[in-house]
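Commentary on secondary and tertiary structure
Single-letter residue listing:
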Amino acid sequence: MSEVRVRMAPSPTGDPHVGTAYIGLFDMAFARHHGGKCVLRIEDTDRERSSKESEEAIYRALRWVGIQWDEGPDCGGPYAPYRQSERSHIYKRHALQLVESGAAYYCFCTVERLARMRQAMQKRKSPPMYDGKCRNLSADEVQSHLDAGERPVIRLKVPKEGETAYTDLIRKRGQQVVFQNRHIDDQVLLKSDGFPTYHLANVVDDHLMKITHVVRAEEWVNSTPKHILLYKAFGWEPPAYAHMPLLRNPDKSKISKRKNPTSLDWYRQNGYLPEALLNFLALMGFSAEKGKEIFSLETMIREFSWDRVTTSAPIFDMKKLEWLNGTYIRQLSIDELIERLRPFASVGQLDQGEKTAKMVAIIQERMKTLAEFDKWTWFFFTDELDYGAELLVAKKMTPETTAEALATCVPAFKAVDDWTTEALERLGRELCERLGLKVRQLFMTLRVAVTGSAKSPPLFESMEIMGKDRCLARLETAQVKLEQVN
Ligand code: GLU
C-alpha cells in the first residue's frame, strides 16, 4: 500500500462536536497503524455559518481529547492551504475545467424557477432533482446569458443511465454499494458567487491532498456516488471509503444536542478526563481484543483493522461514559488527580499539602467526574453546615434518643488525643455498643453532624482530615439544633 493519508474535515459551524473527535479518532488509529499521515482540513465553504471562533474551538477541543494531526491550517504541510476558504481559486479552476470538457454545465435557472420546480415535484411525490433545463444549452445560448449579466452556477452533468458503485471498508464489508444514476441529481459544483459546494471542494481537496482513505460518518453515504462521478469526470482515481456508523441517542435517533451533550467543551467543563472520553468513543465503534472495554489509544492503534469496526449503530450511553470516567479517575495517582482537579476547585482548596492528599484520596473512590469535587468536599471548606435537624435522626431513633446519644459522644470524642481514623472508628464502634445502637444509626447521626449530609466520603477519614476542634464544634452545633426541635 502506498503511504496511507487520511483527513478530518470538520466544518467550523458551532461547538466542537463529539462526532468530530469520534471520526478523528478512527482516522488517527488507522493512519498510525500504517505509519501514515493525518490531515486536518477546515471545510469553511459555508461562509454564513462558519466562524473563526468555531475553528479555534475545534483545534482546542481536538487537542484536549488527544486527537493529533500532521498537517493542517495551524501547522502547515506540503499541500497548504488547508482551509477551504483560502482555496477558492483552485475550485473555480477545476469547475471550469469540467465545463470545458463537457462534464459540467452552466445553469442560469433563477431561484424562483427552481423553487417552482421543486414544489411541482413534491406535489408529484418525486424526490426533488434538477430537471435539466440548462443541460444542453448551446455555446451561443450560454454566451447570450452571460452577456446579459446573469450569474450562473455550474452543475455536474450526471449520466442519465447506468449505475455508480463503490465498495466500503465498513458497510457491507467490501461488497459493492450500488446507486442508480437516474436517481443522482445534477448537483451544483460552483455557486453563483464563485464559492464551491461541499461536493466539489471535498473531492478536489481529497485528490490534491493525496488522501488515500476517506473515513467519515455514515450520513455522507448518499454523497459518495456524487463524489465518485466527480472523480470520473476529472479522470482521477477515487480514494477508498469507510463510512462509520453514526453515534445515536438512547432512542436510536442520530446523536443530537437535545438528547445528549454533543459539544466536546461540555465534557471538558463537566469533568470528564480526555483519555476516558477517547476510550469511550473508541468503544463506540471498535472491539478490542477479548472484548476488553478499557484500553488505551496505543492498543487501539496496534490492533486496528476495519474488521474490528462495528457496522451497527452505537448508542451514546452517558451512564457507561460515567463509569469509564470513574474508572480512569481511580487509576490516577493522587498528585495527578490533584492537578486535574484544579479547574474545579476554588483558590487554595487544593493547597493544604498532606491534608489535601488525604482528602483527595477519600473522594477518588467515589467520584464519577472531576466536577463532583465540590459535591464531595464542600463541607471541608465551610464553617456553617446548613441542614435540618431531622436529618440527624436515624431510623428507629427520635430527636430525644439522638440527643442522648450525642450527649455521650461529645465528651468521648473530646477525650481522644490520638485524632486518627483508626482511633476514631474504634471509639465510634465502642460508643455504639455502649449506647445499644446499630452502627448504621449512630454513624448516620455523626455523619450528618460532621458533614451536613447523609451522603459523604468515609466518616472517620473525614473527621481526621477536619481535625478535632472543627469536629467537636460541629457535634455541639448538632446538639443545639436538636434542642431546638425537642
Ligand atoms: N465537512 C464535512 C463535515 O462537516 C465533511 C464530510 C466528509 O468527511 O466528507 O462533516
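Preceding this section is the structure that the text describes.
Residues numbered from 1 in each chain as written. Predicted model: local features only at pLDDT ≥ 70, side-chain atom pairs only at ≥ 80, totals over all residues. Heavy atoms only, no water.

Thoughts on the layout of surface pockets
Computed from the structure, the largest pocket encloses a volume of approximately 1,100 Å³. Taken together, 42 residues form the lining of the largest pocket, with Pro10, Ser11, Thr20, Glu219 and Trp220 sitting closest to its centre. Examining the composition of the lining of the largest pocket, we find that 6 residues originate from one element, helix H1 (residues 18-33), more than from any other. When its residues are assigned to classes, the lining of the largest pocket shows 15 nonpolar, 15 polar and 12 charged. Taken together, 21 residues form the lining of the second largest pocket, with Cys109, Leu114, Val153, Arg155 and Val188 sitting closest to its centre. Per-element accounting of the lining of the second largest pocket gives the leading share, 5 residues, to helix H4 (residues 111-123). Across the lining of the second largest pocket, the residue classes tally to 12 nonpolar, 3 polar and 6 charged. (1 Å grid on protein atoms, 1.4 Å probe; cavity = no way out; pocket = protein on both sides within 12 Å on 5 of 7 lines; lining within 4 Å. Points joined across faces, edges and corners; volume = space filled by probe spheres on them. Helix = DSSP H or I, 4+ residues; strand = E, 2+ residues; numbered from the N terminus. Nonpolar A, V, L, I, M, F, W, Y, C, P; charged D, E, K, R; others polar.)

Details of a positive patch on the surface
Together, Lys395, Lys396, Lys438 and Arg440 give the surface a local cluster of positive charge. Considering the arrangement of structural elements, one finds Lys438 in the loop between helix H16 (421-435) and helix H17 (439-451). (Patch = residues over 30% accessible without salt bridge, like charges linked within 9 Å, V, L, I, M, F, W, Y side chains within 5 Å. Areas by Shrake-Rupley, 256 points an atom, 1.4 Å probe, with all protein chains shown as cover. Salt bridge = Lys/Arg side-chain N within 4 Å of Asp/Glu carboxyl O. Lys, Arg positive; Asp, Glu negative; His and termini not counted. Charge placed at Lys NZ, Arg CZ, Asp CG, Glu CD.)

As for the nonpolar core
Of all hydrophobic cores here, the largest spans 107 residues; its most connected members are Phe26, Phe316 and Phe413. Sort the elements by how many residues they give to this core and H1 lands first, with 10 residues. Apart from the residues lying within four places of it in its own chain, the contact partners of Phe413 are Trp419, Leu424, Leu427, Leu431, Leu446, Met463, Lys468, Leu472 and Leu475. Within the second largest apolar cluster, 33 residues are counted, among which are Phe179, Val214, Ile228 and Phe234. (Core = buried A, V, L, I, M, F, W, Y, C linked by side-chain atoms within 4.5 Å. Buried < 20%, exposed > 50% of the residue type's maximum accessible area, 1.4 Å probe, protein only. Contact = heavy atoms within 4.5 Å.)

Here we look at the packing of aromatic side chains
Taken as a whole and assessed by the stated rule, the structure comprises 26 aromatic pairs. Pairing Phe286 with Phe304 gives two aromatic rings, centres 5.8 Å apart and planes at 5°, and the pair type is stacked. Taken together, the residues Phe286 in the loop between helix H9 (274-285) and helix H10 (297-303) and Phe304 in the loop between H10 and helix H11 (318-331) connect sequence positions 18 residues apart. The pair Phe286 / Phe304 is uniform in exposure class, with both members buried. Among the aromatic residues, ring-to-ring pairing joins Tyr22, Phe26, Phe30, Phe286, Phe295, Phe304 and Trp306 into one connected group. Here the guanidinium or amino end of Arg155 rests over the ring plane of Tyr130, the centre of that ring lying 3.8 Å away. We note Lys481 situated over the ring of Tyr387; from NZ or CZ to the ring centre the distance is 4.1 Å. (Phe/Tyr/Trp six-rings, centres within 6.5 Å; stacked < 30°, edge-to-face > 60°. Lys NZ or Arg CZ within 6 Å of the ring centre and 35° of its normal.)

Digging into the site of the ligand
Every residue close to the ligand is listed here: Arg7, Ala9, Ser11, Glu43, Tyr198, Asn202, Arg216 and Trp220. Ala9 is positioned with one of its backbone polar atoms (N or O) 2.8 Å from a nitrogen atom of the ligand. In the environment of the ligand, a nitrogen atom lies 3.1 Å from a nitrogen or oxygen atom belonging to the side chain of Ser11. Here the ligand, which alone exposes 300 Å², has 82% of that area covered by the protein. Given that more than half its atoms are within 2 Å of the pocket grid, the ligand belongs to the largest pocket. (Near = heavy atom within 4 Å. Polar contact = N/O pair within 3.5 Å; in protein donor to acceptor, adjacent residues only side chain to side chain. Sits in = over half its atoms within 2 Å of the grid points.)

A look at the sheet that holds strand S4 (residues 153-156)
Judged by pairing direction, the sheet is antiparallel, and its 3 strands sit side by side in the order S3-S4-S7 without closing on themselves. At either end of the open sheet lies a strand with only one pairing partner, and these are strand S3 (104-107) and strand S7 (188-190). Averaged over neighbouring strand pairs, the angle between their axes works out to 45° when direction is ignored. (Pairing = 2+ DSSP bridges. Axes fitted to C-alpha atoms, helices over the stretch in contact; angles between N-to-C directions.)

A word on the pairing of strand S8 (residues 213-217)
In terms of residue burial, S8 counts as a mostly covered element, since 5 of its 5 residues are buried. Direction of pairing for S8 relative to strand S9 (residues 240-244): parallel, over a ladder of 5 bridges. Directly across from Arg216, in S9, lies its bridge partner His243. In terms of handedness, the path from S8 via helix H7 (residues 224-234) over to S9 forms a crossover that is right-handed. (Right-handed = clockwise from strand over helix to strand, strands pointing away.)

Observations regarding helix H18 (residues 459-466)
Every α-helical turn comprises 3.6 residues, leaving residues that sit three or four positions apart pointing alike. Most of H18 is tucked away: 7 of the 8 residues are buried. In this structure, the buried side of H18 is in contact with helix H13 (354-364), helix H15 (399-414), H16, H17 and helix H19 (468-485). In the segment just after H18, Gly467 is the residue with positive phi, at about 90°.

Brief notes about the side chain of Asn249
With respect to the helices and strands, the residue Asn249 is situated in the loop between S9 and helix H8 (264-269). Among the residues examined, Asn249 registers a relative accessible area of 0% and is labelled buried.

Here we look at unusual backbone geometry
Between Ala80 and Pro81 the backbone carries a cis peptide bond, its omega angle lying at -5°. Considering the arrangement of structural elements, one finds Pro81 in the loop between helix H2 (52-65) and helix H3 (88-101). For Lys125, which is not a glycine, the phi torsion comes out positive at approximately 60°. You can see Lys125 is positioned in the loop between H4 and helix H5 (139-147).

Things to note about the side chain of Glu372
By secondary structure assignment, the location of Glu372 is in the loop between H13 and helix H14 (373-377). The class of Glu372 is buried, set by a relative accessible area of 13%. In this structure, Glu372 is in contact with Arg366 and Met367, ignoring residues within four places of it in sequence.

Description of the pattern of salt bridges
Considering all chains together, one arrives at 34 salt bridges under this definition. Of the charged contacts in the structure, one is a salt bridge between Lys37 and Glu3, with a shortest N-O distance of 3.6 Å. Of this pair, Lys37 sits in strand S2 (residues 37-40) while Glu3 sits in the segment before strand S1 (5-8), and the two are 34 residues apart along the sequence. Lys37 gets classed as partly exposed once you look at its relative accessible area, which sits at 30%. Residue Glu3 is classed as partly exposed on the basis of its relative accessible area of 41%. Residues Arg41 and Glu43 are paired through a salt bridge, measuring 2.8 Å at the closest nitrogen-oxygen approach. Comparing Arg41 with Glu43, the two get one shared label, buried. Taken together, the shared-partner salt bridges connect Arg7, Arg41, Glu43, Arg87, Asp205 and Asp206 into one network.

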